[in-house]
Structures are given as C-alpha cells and as structure tokens.
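Chain and residue survey
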Amino acid sequence: MKIKFVDFIYTITKFPNYSIYTLMGLNRLDFLIIGLYLAGITLFGLRFRKKQRTLRDYFLAGRDIPWWAIALSIVAAETSTLTIISIPGLAYDTNLTFLQVVMGYVVGRVVISVVLLPHYFRGDLYTAYELIERRFGPELRSFTAGLFLLTRAAAEGVRVYAVSIVVSIALGTGEIASIAIITALTLIYTFEGGLAAVIWTDVVQTAIYVGGTLVGLVTIAHLVPGGWNAIHTAAAGAGKLQVFNFSTSLAIPYTFWAGLIGGTFLTTASHGTDQLIVQRLLAARGQRQSVTALLSSGAAILFQFALFLTVGIMLWAYYRVPSAVFGRADRIYPTFIVTRMPHGISGLLIAAILAAAMSNLSAALNSLSSSAIMDFYARFRPAADETRRMRLSRIATFVWATVLFALALIALHKVGRVVEVGLQIASVAYGALLGVFLLGVLTRRANQVGAMVGMVCGFGVELYLWLGTQVPWTWWVLIGTSVTFGVGYAFSAASGKKPLPPLTESL
C-alpha cells in the first residue's frame with residue numbers, strides 16, 4: 001500500500017537512514033515492468049549487430065533510415081532524465097513561459113535546414129567537423145572536434161550520475177552500482193549495433209517515456225478533486241498558465257525575446273554543429289528527408305515540452321505546497337511517482353525515465369566514437385583497412401563508456417550545483433562552434449587562423465558568462481556566436497591573407 005506524502009516526509013526526516021526503497025512500496029509488478037524494459041530494449045538493440053559491416057553502417061546506419069525514425073531519434077537524443085523530472089519542477093515553481101524558448105528551438109531548425117544542411121549533403125561526410133576542414137583546414141577541424149569531445153563527455157558524465165539517483169531508488173541499488181547498470185546495458189547494444197541500434201531503440205524509448213508521461217498526466221487529473229476543470233481554474237487564477245512575457249529586461253531568462261532569439265541560436269548550434277544530432281541528420285536517405293526529419297522533430301519537441309510543463313502545473317494543483325518541502329523542485333515528480341502512483345504505473349514511469357536516460361547515453365557513445373575515429377584516427381592512419389577501423393570503432397565505444405562512467409563517479413562525490421553545471425557544459429561551447437560554422441558558410445574573407453582566434457575568444461567569453469556573471473543562459477550562445485564571428489572576421493581581414501572561398505564554392 002502506498003504511504004501518504006506527509007508520512008513520507010516525516011519518516012525520511014525522523015529516520016534519515018531509512019531506506020527509500022522500503023518507503024516506495026514497489027511490488028513485483030513494478031519490478032517486472034522495469035526488468036522487462038531493461039532486458040527487452042537491450043535484446044532489441046542487439047538485433048542490429050549483424051548489419052554492421054562497414055563504418056558507413058556503424059556510424060551512419062547505411063544512410064537508410066526513414067525520416068520519421070530520425071525525427072523521433074532527434075527528440076530522444078535531446079531529452080535527458082533531467083528534462084523529464086526538471087521541467088515539471090520548473091512549471092511547478094513558475095508557469096509556462098519556458099515554452100518561449102521551445103519556440104526558438106523550432107525556428108532554429110528552420111535556420112539549419114536553409115543555412116547548414118545543404119552543405120552537409122555535398123559530399124560523403126561522416127561528421128560535422130569534416131565540413132570545417134574543407135573550408136578552413138585540418139587544424140581547425142581538430143580544434144572543433146576536440147572541443148566537442150571534451151564538452152560532450154563532461155556533460156554526459158553528469159547526466160549518467162543524475163539518472164543513477166532514479167535507478168538506485170527504483171532497484172534498491174547503491175549509486176555506483178546504478179551507474180554501472182545503466183552504462184553497461186546501454187553499452188551492450190550501442191557497441192554491437194551502432195547508429196542503427198541507437199536510432200531504432202530511440203524510437204521505442206520515445207514512445208515509452210511519452211506514453212508513460214501521458215499516463216502520469218491522466219493519473220494526476222483523477223487524483224485532484226474536480227479533475228482538469230479544477231486544475232485549470234486554480235492554475236489560471238495563480239498565473240500559472242502564462243506563456244508569453246514581453247518584458248525587455250535582459251535579467252529575466254524566460255521572456256519572448258530571450259526565448260525566441262536565445263532558443264534559435266542554441267538550437268542552431270546544438271542541432272547544426274554538434275555531432276550528436278548532425279550524425280542523425282547524415283543518416284537520412286537524402287537531404288529532403290533530413291529536412292523533413294528535423295522540422296517534424298520541432299513539432300514533436302514543442303508537444304513534448306508542453307506535456308512536461310503541464311504535468312508540473314497539475315502537480316502544483318495537487319500538492320499546493322512550496323517546492324522547498326521536497327528539497328528541490330526536480331524531486332517533485334519522482335516523489336509523486338513513488339508515493340502516489342498505483343502499482344504497475346509506478347514501474348511504467350520509472351521505465352520511462354530509464355528510457356530517456358538510455359537513449360541519451362547511447363546517442364552520446366556513438367557520436368563520441370564516430371568523432372574520435374573519423375576526425376582523428378582515420379586522418380592519421382588513412383591506410384588502415386575497413387576491418388581494423390570497425391574493430392577500433394567498437395573499442396572506442398567501450399572506451400567512451402568507461403570515460404563517462406568515471407566522470408559520473410567524479411560527479412557522485414560533488415554536491416550542490418554540480419548537476420546544473422554539468423547540464424550547461426555543452427552549451428558553453430556552442431557559441432564558439434556556431435560562430436566558426438557561420439564564418440565558413442557566410443564569408444569569403446575568413447581564414448583558418450582568424451577563425452581559430454575568434455573561436456578561442458568566443459569560448460572564453462562564454463566561460464566568463466557562465467562562471468563570472470549573472471547573465472541568463474538564454475543569451476550565452478548568441479553572445480558567444482557574435483564574438484566568435486566578429487573577432488574571427490576582423491582578424492582574418494587584418495591578416496592580409498588571400499580570402500578563401502565560402503563553402504558553397506569549396507564544395
């Protein structure tokens with residue numbers, strides 16, 4: 001029998017060493033659902049191992065994935081466990097204004113489709129950073145790929161740690177064992193099946209976590225007296241349904257201007273220059289299908305964030321207590337799952353959180369491996385045969401899994417803001433990366449030295465914004481991109497070197 005929330009809070013306060021596993025009241029049905037998911041998704045991913053004969057198969061799934069599967073995989077790749085548990089907490093404390101940022105996510109996809117995607121389909125590219133070498137040279141390719149590897153690994157290591165909290169609660173394991181479980185199971189099918197396994201498991205996992213969230217939404221509506229009508233009335237009266245804020249203050253992160261502009265630049269960088277997403281776009285059957293996948297993923301992501309935010313509003317209507325009662329806002333939804341959901345549904349929702357975690361981790365492992373092999377090893381060992389490259393690609397996948405496991409253990413011993421900081425790490429590099437790509441696409445005068453100087457300056461400014469100012473994160477990528485582009489162009493012009501052709505001509 002599920003315990004009452006008040007009793008739950010009292011017990012963990014009075015007896016801090018009392019096992020949360022005992023308090024949850026998960027029964028055999030819950031464990032059966034979780035176990036079936038973990039075993040089923042691993043076995044499903046292993047179905048693709050026999051199709052991995054070449055690097056094109058392993059890293060690009062033979063460029064034979066339909067647009068709708070790529071669209072769902074993109075959504076899954078940019079959705080972490082913290083998205084599922086933190087976005088409801090954000091709405092619980094505030095309102096729906098975060099949707100303004102998501103609108104920028106949609107606009108950013110349109111920009112990528114027009115400005116960057118045509119260049120990715122001119123030639124047989126495996127990574128985003130091959131484009132940089134064709135425009136500027138091999139040194140800048142190494143620089144951009146290296147920055148991707150460092151920031152992506154750091155961010156994903158913290159995400160693995162974050163999901164271990166949920167796994168340890170669900171399975172009653174310690175956090176280290178939980179990190180090992182989630183990493184090992186994801187590694188198995190990513191190691192064997194490559195990008196094809198990653199994409200098709202993403203499709204299944206997206207259905208699971210979206211379906212599980214819909215079940216949670218319906219359950220909350222039934223638990224609130226008066227149902228949805230009562231929730232809507234209370235939320236509207238408290239201003240929780242506000243979507244737009246047209247304030248011109250630069251100190252507010254979620255205004256229409258910060259959301260639309262900041263979200264556009266963030267997505268243009270994350271989906272147009274980050275190998276994690278670009279790799280999926282390159283796996284499409286052609287440019288037209290890639291554009292369709294990217295734009296349709298925008299509609300899906302808008303629906304998804306609206307769903308998570310709505311869950312947060314409904315949780316506010318259900319609890320009507322400050323988020324501080326839970327310790328922090330991102331604990332509210334997990335607390336609801338383990339203390340209020342009926343048996344079976346609890347197991348389904350925990351499986352849904354694991355689905356988001358594994359899809360995000362598998363995407364990171366394959367993209368890190370592809371960049372390490374194609375941007376570094378294949379360039380320095382061009383005579384290596386396909387068999388050797390395939391073997392080393394799998395070894396690289398294993399090595400990166402070990403690295404992420406180690407980074408998660410490091411995060412385990414940090415407290416306070418480490419999770420929030422980890423989620424921002426990848427974003428800090430986006431302005432520098434996007435600025436370099438735009439220098440290559442939009443200008444003739446920019447050269448490799450100027451672009452590298454601009455990139456260093458842009459990255460330095462973003463580090464300063466992150467560590468030394470209170471500037472909202474929604475403006476970071478715009479500022480970093482502007483500094484990189486402006487300094488890179490000015491330094492190139494001042495160098496007096498012969499202008500290089502833009503990508504439209506060099507390809």
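All right, on to empty space enclosed by the protein then. Scanning the entire structure with this criterion turns up two cavities of 30 Å³ or more. Its boundaries defined by the atoms lining it, the largest cavity holds a volume of some 110 Å³. Lining of the largest cavity is provided by 13 residues; of these, Arg159, Val160, Val163, Ala357 and Asn360 occupy positions nearest its centre. Going through the elements one at a time, helix 6 (81–93), helix 10 (138–171) and helix 17 (345–380) are the ones with two or more residues in the lining of the largest cavity. Considering each element in turn, the lining of the largest cavity owes the most residues, five residues, to helix 10.

Moving on, we come to a nonpolar patch on the surface. Together, Phe244, Phe246, Trp257 and Ile261 make up a nonpolar patch on the protein surface, roughly 390 Å² of accessible area in all. If you trace the backbone, Ile261 turns up in helix 13 (residues 256–272).

This part is about the pattern of salt bridges. Counted according to the given criterion, the structure contains seven salt bridges. The salt bridge partner of Asp64 is Arg285, with a shortest N-O separation of 3.1 Å. Of the two residues, Asp64 sits in the loop between helix 4 (55–60) and helix 5 (67–77) while Arg285 sits in the loop between helix 14 (275–282) and helix 15 (287–319), which places them 221 residues apart along the sequence. Assessed through its relative accessible area of 47%, Asp64 is described here as partly exposed. Residue Arg285 is classed as partly exposed on the basis of its relative accessible area, which comes to 49%. With its nearest N and O atoms 2.8 Å apart, the salt bridge here joins Glu156 to Arg152.

So, on to the nonpolar core. Phe98, Tyr120 and Leu315 are the most contacted members of the largest nonpolar core, which has 144 residues in total. Dropping the residues within four chain positions of it, Tyr120 is found in contact with Leu125, Ala128, Leu131, Gly272, Thr273, Val278, Leu282 and Phe437. The next biggest cluster of nonpolar side chains, apart from the first, holds six residues, and it includes Ala155, Ile425, Leu465 and Trp476.

Right, let's get into the packing of helix 3 (residues 28–46) against helix 11 (residues 175–223). The N-to-C vectors of helix 3 and helix 11 enclose an angle of 120 degrees; their axes lie 7 Å apart at closest approach. The hand of the helix 3/helix 11 crossing is right-handed. Mapping the contact onto sequence places Tyr37, Leu38, Ile41, Thr42, Phe44, Gly45 and Leu46 in helix 3 and Leu185, Ile188, Tyr189, Glu192, Gly193, Ala197, Trp200, Thr201, Val204, Gln205 and Ile208 in helix 11. Classifying every residue of the contact of helix 3 with helix 11 by side-chain character gives twelve nonpolar, five polar and one charged.

Calculation rules
Residues numbered from 1 in each chain as written. Predicted model: local features only at pLDDT ≥ 70, side-chain atom pairs only at ≥ 80, totals over all residues. Heavy atoms only, no water. 1 Å grid on protein atoms, 1.4 Å probe; cavity = no way out; pocket = protein on both sides within 12 Å on 5 of 7 lines; lining within 4 Å. Points joined across faces, edges and corners; volume = space filled by probe spheres on them. Helix = DSSP H or I, 4+ residues; strand = E, 2+ residues; numbered from the N terminus. Patch = residues over 30% accessible without salt bridge, like charges linked within 9 Å, V, L, I, M, F, W, Y side chains within 5 Å. Areas by Shrake-Rupley, 256 points an atom, 1.4 Å probe, with all protein chains shown as cover. Salt bridge = Lys/Arg side-chain N within 4 Å of Asp/Glu carboxyl O. Buried < 20%, exposed > 50% of the residue type's maximum accessible area, 1.4 Å probe, protein only. Core = buried A, V, L, I, M, F, W, Y, C linked by side-chain atoms within 4.5 Å. Contact = heavy atoms within 4.5 Å. Axes fitted to C-alpha atoms, helices over the stretch in contact; angles between N-to-C directions. Left-handed = near helix turned anticlockwise from the far one by under 90°. Nonpolar A, V, L, I, M, F, W, Y, C, P; charged D, E, K, R; others polar.

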